[in-house]
Amino acid sequence: MSRDARWKTLLELLVERGRLDVEEAAAELAVSAATIRRDLDQLAEQQMLVRTRGGAVVHGVSYELPLRYKTARHASEKQRVAKAVADLVVPGEAVGLTGGTTTTEVARALAVRADLTSGSPALTVVTNALNIANELAVRPQFKIVLTGGVARAQSYELVGPLADGVLRQITLDVAVLGVVAFDAEHGAAAHDEAEAAVNRLLCERAERVIVAADSSKLGGRAFARICATESVGTLVTDSAVTPETVRRFEETGLRVVVA
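Described in the following lines is the structure provided in the data block.

Definitions and limits used
- Residues numbered from 1 in each chain as written.
- Predicted model: local features only at pLDDT ≥ 70, side-chain atom pairs only at ≥ 80, totals over all residues.
- Heavy atoms only, no water.
- Phe/Tyr/Trp six-rings, centres within 6.5 Å; stacked < 30°, edge-to-face > 60°.
- Helix = DSSP H or I, 4+ residues; strand = E, 2+ residues; numbered from the N terminus.
- Buried < 20%, exposed > 50% of the residue type's maximum accessible area, 1.4 Å probe, protein only.
- Lys NZ or Arg CZ within 6 Å of the ring centre and 35° of its normal.
- Core = buried A, V, L, I, M, F, W, Y, C linked by side-chain atoms within 4.5 Å.
- Contact = heavy atoms within 4.5 Å.
- Pairing = 2+ DSSP bridges.
- Arc of directions from axis to C-beta.
- Salt bridge = Lys/Arg side-chain N within 4 Å of Asp/Glu carboxyl O.

Taken as a whole and judged by the stated rule, the model has one aromatic pair. With centroids separated by 4.8 Å and ring planes inclined at 35 degrees, the aromatic side chains of Phe182 and Phe249 adopt a geometry described as tilted. Taken as a pair, Phe182 in strand 10 (residues 181-183) and Phe249 in helix 9 (residues 243-250) lie far apart in primary sequence, 67 residues in all. Residue Phe249 is classed as buried on the basis of its relative accessible area, which comes to 2%. Here Arg3 stacks its cationic end above the ring of Trp7, 4.3 Å away from the centre of that ring.

Okay, the nonpolar core next. Residues Val85, Leu97 and Leu123 are the most contacted members of the largest nonpolar core, which totals 27 residues. Mapped by element, the contributors of at least two residues to this core are helix 4 (75-86), strand 4 (94-97), helix 5 (101-111), strand 5 (123-127), helix 6 (130-136), strand 9 (172-178) and strand 12 (206-212). Discounting residues that sit within four places of it in the chain, Leu97 has contacts with Thr103, Val106, Ala107, Val125, Val126, Thr127, Asn128, Ile132, Val176 and Leu202. Membership of the second largest hydrophobic core comes to 22 residues, among which are Ala184, Ala196, Val246 and Val256.

Mapped onto the secondary structure, Thr147 falls in the loop between strand 6 (142-146) and strand 7 (150-151). Residue Thr147 is classed as buried on the basis of its relative accessible area of 3%. Setting aside chain neighbours within four positions, we find Thr147 in contact with Val126, Thr127, Asn128, Leu158, Leu162, Ala163, Val166 and Leu167.

Quick look at unusual backbone geometry now. Apart from glycine, the bulk of residues carry a negative phi angle, and the bulk of peptide bonds sit in the trans form. Going from Ser120 to Pro121, the amide bond is cis rather than trans, its omega being -10 degrees. Topologically, Pro121 is positioned in the loop between helix 5 and strand 5. Of note in this structure, Ala30 is not a glycine but carries a positive phi near 60 degrees. Tracing the backbone through its elements, the reader meets Ala30 in the loop between helix 2 (22-29) and helix 3 (33-45). The phi dihedral of Tyr156 is positive, around 65 degrees, even though this residue is not glycine. Structurally, Tyr156 is set in the loop between strand 7 and strand 8 (158-159). For Tyr156, a relative accessible area of 27% corresponds to the partly exposed category.

Turning next to the pairing of strand 12. When you tally the buried positions in strand 12, you get five out of seven residues, the bulk of the element. Note that strand 9 and strand 12 share six bridges and pair parallel. Looking across to strand 12, one finds that Val176 is bridged to Ile210. Pairing of strand 12 with strand 14 (residues 234-237) involves three bridges; the strand directions are parallel. Opposite Ala212, over in strand 14, you have Val236 as the bridge partner.

Glancing now at helix 9. Buried residues of helix 9: Thr245, Val246 and Phe249, and no others. Around the axis of helix 9, the buried residues are gathered within 100 degrees of arc, so they sit on the same side. On its buried face, helix 9 sits against strand 10, strand 14 and strand 15 (255-258).

So, on to the pattern of salt bridges. Inspection of the entire model under this criterion finds 14 salt bridges. Residue Glu105 pairs with Arg108 through a salt bridge whose shortest N-O separation is 2.9 Å. Here the residue Glu105 and the residue Arg108 both occupy positions in helix 5, the gap between them amounting to three residues, near one helical turn. Classification of Glu105 as buried rests on a relative accessible area of 17%. Among the residues examined, Arg108 registers a relative accessible area of 37% and is labelled partly exposed. Put simply, Arg247 and Glu251 hold a salt bridge, and the shortest N to O gap is 2.3 Å. By relative accessible area, Arg247 is classed as partly exposed at 35%. Put simply, Glu244, Arg247, Arg248 and Glu251 are held in one network by salt bridges that share partners.

So this is what it looks like as structure tokens:
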């Protein structure tokens, strides 16, 4: 197993469990304990975890796993959610996509939709996510608008006043919002306040707003609020969502689509 593959697996295990033991991780990854210790030391130097005697723990409630290490978490659920979100988009619309693993899957689902293979343009996609723009830029039927701004290494999202300047000059048919947490009472939220500000503006410029979130994101809270629940028209989530959670969101007037 390569170092990058080990790091990805270690970080995914750490986020899932909250802590890791060197000997257990070595057995699971079929490498030596010395290799795991070295990996954890190097990840700690990058402030991606906190080393402990015999292992490591996450930083705490503010911990944010970089996007490149999050892609495998809840992958099948996110793909189902993404397909359902893509089906809600009408050919010819202007679509805003925030950054994140689920919205990246939405971009991929849009790219393979049979009725979006041609047009002038088939879709206009506005995004502040470098990775999404990179994936869709090769699709000549899509008009891609990148907001500009300062890139965040964790999420590949562009933030700051340069992004604000572009978004204030456009209007969108639909904004697809990726979130860290979405709660019926407290609304949609992100880890970073700069990302939340850009995502909030993207929603304000849209005629309708869709939150794309697997069920693990629902009912939780995060540091930076993006928007109130009442600002969202539709929530698309996966089948693991509980009936009680669906009921709480529907009571706010939100449409809930279970993929």
